[in-house]
Amino acid sequence: MSTPQQAVGIVGAGVMGIGIAQVAALAGHPVRLLDARDGAAAAALERLAQTLAGLVGKGRLSDAQCQSALQRLQPVGRLAELADCDLVVEAIVERAEPKQALLRELDALLPPAALLASNTSSLSITLLANGLRHPGRLVGMHFFNPVPLMQLVEVVAGAETDEGALVAVERLAQAWGKVPVRAASTPGFIVNRIARPYYAETLALLQEQAGPPADLDSALRAAGFRMGPCELMDLIGHDTNSLVTRSVWEANFGDRRYQPSLVQQALVDGGRLGRKTGRGFFEGPAPRRAPVPRPASPPPICLVGQGPNVDRLAARLPGVARQAADWNGLRSAGFELGFTDGRCAYETGRALMDWLAHDSADALAVTHDVPLVHDLLGCAGLHALPLRDLPGLVVARTLAMLVNEASDAVWQGVCTEVGADTAMRLGVNYPLGPFAWRTQFGAGPICAVLDALWAHSRGERYRVSPPLRRAAFEGRFGECPQALTGRT
């Protein structure tokens, strides 16, 4: 299926369908685009022609490539006109019933050797294949928006999907310049499942009145994320984001880890859907912070402890002395500012700051809004973001939950560790994958944050994934003894 001469049919001329059509046509395939709305396919191809002309004007595409691709794109008006396609991708509305009906029609129309693909972002491929005469040829082919720019394609296997069909789709994705990552057909696949905590933990912090949306966003942008969760939900649309969350929650039979948010539901109920309505968490662009001024009279500072947070802080404070201790952070004139280990400040007896997760960080959440805290972080070029004293603050809490969710996904056979890291970096532009974060911060400290969150809330939302708990045990005590592992 990877040879350019093979025809590709696409059903659905929306944003995703036309994006897939562009990629396939530029790769050399004859493409036939169908939409149930009269004239929609032709209108979409007219807009695509303008897009390609714009790429020519920017020097990203030659005029010959543009004209050749346009000649390969054809709008069609009937399903029967896709009968000789080698692959048909459905990209229609994200509801099971219409997708099933369409796929059954295509299954009856196409020759047995042709492939079927669904661009569903969360629906079960096993469910969609139910009732097909040839269920083995249906593969999930989940592209990410905007399709021409995003590299990732989740290649999703249903219970009946043939290995040959999966391999063919993976090779096709590679020929189209994409990076395929294989996933099992479980709710949310890889990206939409593992990404849930990025939104959910900030929504939970907002419900607990931890701090304003702008500060929570600043903390996570400082950790290397391109957009904070509040501005990202505004961009996605709160109705859409809430719907995906609810879909994953219901598909997991009400698992509390995926529970929808009252905060987000209130935004939806009030019509504050984000950028599409002009109002969400923010009205207009999310605010950004100016560089932090260094204090005119820096206080005396001593670095305390060890580990990645202290190492990253030491790089910002050259020449500062370092002391051994059973906690990590800064000391100044008897005042202690420690990195969070998951517990609240009142439990540790010292002021706390969030994890320093990125070399270019410009802000950190803190538990104490006092001048010395601002001066201490200012010496390191960091804004102090005072928040309510809650377990794990923002970055440590969010990263711990992302790592935990990824660990469960691998534990349950959804994907591999490499697949999870690749999918999250390429699908949602995370600065690192969850297993790279586990390596950086250690399974033990991540488990400690999760355990503190569980102790605070007594909620199953923060239960530790079994392989993450084991990794923490092995990291502390060495390889598990044979009696515990059952290995010979």
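For the structure itself, consult the block above.
Basis of the calculations
Residues numbered from 1 in each chain as written. Predicted model: local features only at pLDDT ≥ 70, side-chain atom pairs only at ≥ 80, totals over all residues. Heavy atoms only, no water. Salt bridge = Lys/Arg side-chain N within 4 Å of Asp/Glu carboxyl O. Pairing = 2+ DSSP bridges. Helix = DSSP H or I, 4+ residues; strand = E, 2+ residues; numbered from the N terminus. Axes fitted to C-alpha atoms, helices over the stretch in contact; angles between N-to-C directions. Contact = heavy atoms within 4.5 Å. Expected span 1.5 Å × (residues − 1). Buried < 20%, exposed > 50% of the residue type's maximum accessible area, 1.4 Å probe, protein only. Phe/Tyr/Trp six-rings, centres within 6.5 Å; stacked < 30°, edge-to-face > 60°. Lys NZ or Arg CZ within 6 Å of the ring centre and 35° of its normal. Right-handed = clockwise from strand over helix to strand, strands pointing away. Core = buried A, V, L, I, M, F, W, Y, C linked by side-chain atoms within 4.5 Å. Arc of directions from axis to C-beta. Parallel < 35°, antiparallel > 145°, perpendicular 65-115°, else oblique. Left-handed = near helix turned anticlockwise from the far one by under 90°. Nonpolar A, V, L, I, M, F, W, Y, C, P; charged D, E, K, R; others polar.

Caption draft 1: Representation of the pattern of salt bridges. The full count for this structure, using the stated rule, is 27 salt bridges. With a closest N to O distance of 3.5 Å, D255 and R257 form a salt bridge. The network of salt bridges with common partners includes R193, D255, R257, E405, D408, E460 and R463.

Caption draft 2: Up close: the sheet that holds strand β4 (residues 87-90). The strand order across the open sheet built from 8 strands is β3-β2-β1-β4-β5-β6-β7-β8, with neighbouring strands paired in mixed fashion. Edge strands, defined here as strands with exactly one partner in the open sheet, are β3 (73-76) and β8 (179-184). Pairwise comparison of adjacent strand axes, ignoring direction, gives a mean angle of 25° for this sheet. Against the sheet, helix α3 (residues 63-72) touches β2 (31-34) and β3, its axis set at about 25° to β3. Of the strands in this sheet, β7 (152-157) and β8 touch helix α17 (residues 417-428), which is tilted by about 125° from β8.

Caption draft 3: Seen up close, helix α16 (residues 395-411). Helix length check: α16 (17 residues) gives 24 Å between terminal C-alpha atoms against 24 Å at 1.5 Å per residue, within 8%. With 15 of its 17 residues buried, α16 lies for the most part within the structure. Of the residues one or two after α16, G413 is the one with positive phi, at around 80°.

Caption draft 4: Highlighting the environment of L26. You can see L26 is positioned in helix α1 (residues 15-26). Each C-alpha atom of the pair L26 and L70 lies 8.7 Å from the other, and the pair is 44 residues apart in sequence.

Caption draft 5: The arrangement of the packing of aromatic side chains in detail. Scanning the model with the defined rule gives 8 aromatic pairs in all. Pairing Y198 with Y199 gives two aromatic rings, centres 6.0 Å apart and planes at 70°, and the pair type is edge-to-face. Across the pair, Y199 and Y198 agree in class, each one buried. Ring centres of Y198 and Y430 lie 5.8 Å apart, and the angle between their planes is 55°; on these two criteria the pair is classed as tilted. Pair noted here: Y198 is in helix α8 (residues 196-207) and Y430 is in the loop between α17 and α18 (434-441), with a separation of 232 residues, a long-range link. Each member of the pair Y198 and Y430 is classed as buried. Chaining the aromatic ring pairs together yields one cluster made of Y198, Y199, F225, Y430 and W437. Just above the ring of W327 sits the side chain of R350; from NZ or CZ to the centre is 4.3 Å.

Caption draft 6: Broad picture of the pairing of strand β14 (residues 363-366). The side-chain alternation of β14 yields two buried faces, one formed by A363 and A365 and the other by L364 and V366. Pairing between β14 and strand β15 (residues 383-386): 4 bridges, direction parallel. Each bridged residue has a counterpart across the sheet, and for A365 the counterpart in β15 is L385. Between β14 and its parallel partner β15, the chain crosses via helix α15 (residues 371-379), and the hand of that crossover is right-handed.

Caption draft 7: Structural view of the nonpolar core. Residues L82, F225, L313 and M353 are the most contacted members of the largest nonpolar core, which totals 108 residues. Counting residues per element, this core draws most heavily on α16, which supplies 9 residues. When residues no more than four places from it in sequence are discounted, the contact partners of L82 are G9, V11, R32, L34, V76, V88, L106, L109 and L110. In terms of nonpolar packing, the next biggest core, distinct from the first, is built from 40 residues, A21, V23, M141 and L166 among them.

Caption draft 8: Region of the structure containing helix α4 (residues 96-109). Taking 1.5 Å per residue, 14 residues should reach 20 Å; α4 reaches 20 Å between its end C-alpha atoms and fits that length. Within α4 the residues assigned to the buried category are A96, K99, Q100, L102, L103, L106 and D107. Across the axial projection of α4, the buried residues extend over an arc of 170°, all falling on one side. Turning to α4, the residues buried within the fold contact β1 (8-11), β4, β5 (115-118), α5 (125-129) and β6 (138-143).

Caption draft 9: Representation of the packing of α8 against helix α10 (residues 229-236). Two elements in contact, α8 and α10, have axes whose closest approach is 9 Å; the angle formed by their N-to-C orientations is 115°. Taken together, the axes of α8 and α10 are roughly perpendicular relative to one another. The element α8 and its partner α10 pack so that their crossing is left-handed. Touching Y198, Y199, T202, L203 and L206 of α8 are P229, C230, L232, M233 and I236, all from α10. Looking at the contact of α8 with α10 residue by residue, the classes come out as 9 nonpolar, 1 polar and no charged.

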